[in-house]
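Listed below are the residues making up each chain.
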Amino acid sequence: MASVWQNNKLLRKWEQKNFKRIANGDFNYNLAFPLEDPLVIAISNYLNIKREYIYVGAGSSQFIGAIVGLKCWNKIFLSEIEFALYKRTADLSEKKIINIKGITTDEFINSLKKTKSNANDLLCISSPRWFSGELFSKKQIKEILENFNGTLIIDEAYIDYSNDEKGMLGLCLKSERIILLRSFSKKFLASGYRTGYMITKKEIVGMRNTIIPPHSVSSYSERFFCELLKDEKILKAFVETREYIKQNRDLIYNNLKSETQIRVIKSSANFISIIFDDKELMEEVYNNLNDLAGIQKFDEVVPFIKIWVNNEKFSNVVIARIKEILK
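Report follows, based on the coordinates. (Residues numbered from 1 in each chain as written. Predicted model: local features only at pLDDT ≥ 70, side-chain atom pairs only at ≥ 80, totals over all residues. Heavy atoms only, no water.)

### Description of the packing of aromatic side chains
Part 1 of the reasoning: Applying the stated rule across the entire model yields 18 aromatic pairs.
Part 2 of the reasoning: Between Phe131 and Phe304, the aromatic rings sit 4.9 Å apart at their centres with planes inclined by 85°, giving edge-to-face as the arrangement. Here Phe131 is found in the loop between strand 4 (122-126) and helix 6 (138-147), whereas its partner Phe304 is found in strand 11 (residues 304-308), with 173 residues between them in sequence.
Part 3 of the reasoning: You can call Phe131 buried: its relative accessible area is 0%.
Part 4 of the reasoning: According to the relative accessible area criterion, Phe304 is buried, its value standing at 2%.
Part 5 of the reasoning: Judged by centre distance (5.2 Å) and plane angle (80°), the ring pair of Tyr158 and Phe271 falls under edge-to-face. Taken together, the residues Tyr158 in the loop between strand 5 (151-155) and helix 7 (169-172) and Phe271 in strand 9 (residues 271-275) connect sequence positions 113 residues apart.
Part 6 of the reasoning: Residue classification places Phe271 among the buried residues on the basis of a relative accessible area of 0%. (Phe/Tyr/Trp six-rings, centres within 6.5 Å; stacked < 30°, edge-to-face > 60°. Helix = DSSP H or I, 4+ residues; strand = E, 2+ residues; numbered from the N terminus. Buried < 20%, exposed > 50% of the residue type's maximum accessible area, 1.4 Å probe, protein only.)

As structure tokens, then:
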């Protein structure tokens, strides 16, 4: 079954057409003037924000390692169910970790309200959430900032699959307590290029010398995305591709949301998660799905199956196979 995610002919065709221009190797990096980095300029123009707020790095993972590991933090607050790199980095940096429970965003905020924090603490969340794809609303983020006294990382790797691609950019540009992480790998189905960016008004001493091309991002990847961000035709095509994925994601949600044996949270990402109270039932469902591309299972905190969405045929097969087990 063809995969929208792994067989992106649109991107491959565009790259082949533009390869000579992208790969000509004439990027002239001057490390004394990092704000003149071509990709920083391209992102600044694309988002219409100041270069000073933009940092380029090798995907969200490099930013997670760099930011979470900073000496300035007292405690690291993490969602109990989150991308494991946050916890691994905090452990390696010997940080005190505060786990916040909550399967839904509302549950998470209610748990956070019961904790104490100070200005030197860091809270890391993803929106849409890595676990379920649920999106934090602007009202919820404001509520978090009212109840948490430190700095907030919002990992928006999947934001382009929500109904508000600007995400929390507006709030970020108004507050020095917010750090946004963004990834090109999800936006353009281009994970192999290892390129992302961070937006923040917070002054982080020495950070631009820690995360700086060409040490972190290849000149080819930099030029690749500089060219991509200027091409209105390919940008429009990717919007259509993402809309297609969103339709097929919602197809799964709408067909499974009323099933009483499982729990499905409405996703704003390019995946959807099926949550189970019964591990045996999860194993049975997983065994009926695992020959399909893009099926993962997790059971460290709560048992769930993560389904990476691609085409309509795939979604209908997933629905039929899950209902076959649940009937």
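### Here's the deal with the packing of helix 1 (residues 9-22) against helix 10 (residues 219-230)
Two numbers describe a pair of packed helices, the interaxial angle and the distance between the axes.
Part 1 of the reasoning: Put simply, helix 1 and helix 10 touch, their axes get as near as 11 Å, and they point 110° apart. Overall, the two elements helix 1 and helix 10 adopt an arrangement that is roughly perpendicular. Between helix 1 and helix 10 the crossing geometry is right-handed. Residues Leu11, Trp14, Glu15, Phe19, Arg21 and Ile22 of helix 1 pack against Tyr220, Arg223, Phe224, Glu227 and Leu228 of helix 10.
Part 2 of the reasoning: Broken down by class, the residue content of the contact of helix 1 with helix 10 amounts to seven nonpolar, no polar and four charged. (Axes fitted to C-alpha atoms, helices over the stretch in contact; angles between N-to-C directions. Parallel < 35°, antiparallel > 145°, perpendicular 65-115°, else oblique. Left-handed = near helix turned anticlockwise from the far one by under 90°. Contact = heavy atoms within 4.5 Å. Nonpolar A, V, L, I, M, F, W, Y, C, P; charged D, E, K, R; others polar.)

### Quick notes on the sheet that holds strand 11
Part 1 of the reasoning: Spatially, the four strands line up as an open sheet ordered 8-9-11-10, and their pairing is antiparallel. Where the open sheet ends on each side, the last strands, each with one partner, are strand 8 (263-264) and strand 10 (295-298).
Part 2 of the reasoning: Where helix 11 (residues 232-256) meets the sheet, it contacts strand 8, strand 9 and strand 11, and its direction lies at approximately 25° from that of strand 9.
Part 3 of the reasoning: Against the sheet, helix 13 (residues 312-326) engages strand 9, strand 10 and strand 11, with an angle of about 160° to strand 11. (Pairing = 2+ DSSP bridges.)

### Regarding a negative patch on the surface
Part 1 of the reasoning: A cluster of acidic residues, Asp277, Asp278, Glu280 and Glu284, forms a negative patch on the protein surface.
Part 2 of the reasoning: As for its position among the elements, Asp278 is in the loop between strand 9 and helix 12 (279-287). (Patch = residues over 30% accessible without salt bridge, like charges linked within 9 Å, V, L, I, M, F, W, Y side chains within 5 Å. Areas by Shrake-Rupley, 256 points an atom, 1.4 Å probe, with all protein chains shown as cover. Salt bridge = Lys/Arg side-chain N within 4 Å of Asp/Glu carboxyl O. Lys, Arg positive; Asp, Glu negative; His and termini not counted. Charge placed at Lys NZ, Arg CZ, Asp CG, Glu CD.)

### Focus: the packing of helix 5 (residues 105-112) against helix 6
Part 1 of the reasoning: Their axes nearest at 10 Å, the elements helix 5 and helix 6 cross at an angle of 10°. When the interaxial angle is binned, helix 5 and helix 6 end up roughly parallel. The crossing of helix 5 and helix 6 is left-handed. For the pair helix 5 and helix 6, contact is made by Thr105, Asp106, Ile109 and Leu112 and by Gln140, Glu143 and Ile144, respectively.
Part 2 of the reasoning: Within the contact of helix 5 with helix 6, the residues separate by chemical class into three nonpolar, two polar and two charged.

### Examining the side chain of Thr151
Part 1 of the reasoning: Along the chain, Thr151 falls in strand 5.
Part 2 of the reasoning: Looking at Thr151, its side chain comes within polar contact range of the side chain of Lys202, at 3.2 Å.
Part 3 of the reasoning: For Thr151, the residues in contact, after removing those within four places along its chain, are Trp73, Asp121, Leu122, Leu123, Arg177, Ile179 and Lys202. (Polar contact = N/O pair within 3.5 Å; in protein donor to acceptor, adjacent residues only side chain to side chain.)

### Here we look at the sheet that holds strand 2 (residues 75-79)
Part 1 of the reasoning: The mixed open sheet is built from seven strands, whose spatial order is 1-7-6-5-4-2-3. A single partner strand is all that each edge strand has here, and the edge strands are strand 1 (54-57) and strand 3 (96-100). Direction aside, neighbouring strands of the sheet carry axes that sit 20° apart on average.
Part 2 of the reasoning: Relative to strand 7 (residues 196-200), strand 1 runs antiparallel, the two sharing four bridges. In the sheet register, Gly57 faces strand 7, and the bridge partner there is Gly196.

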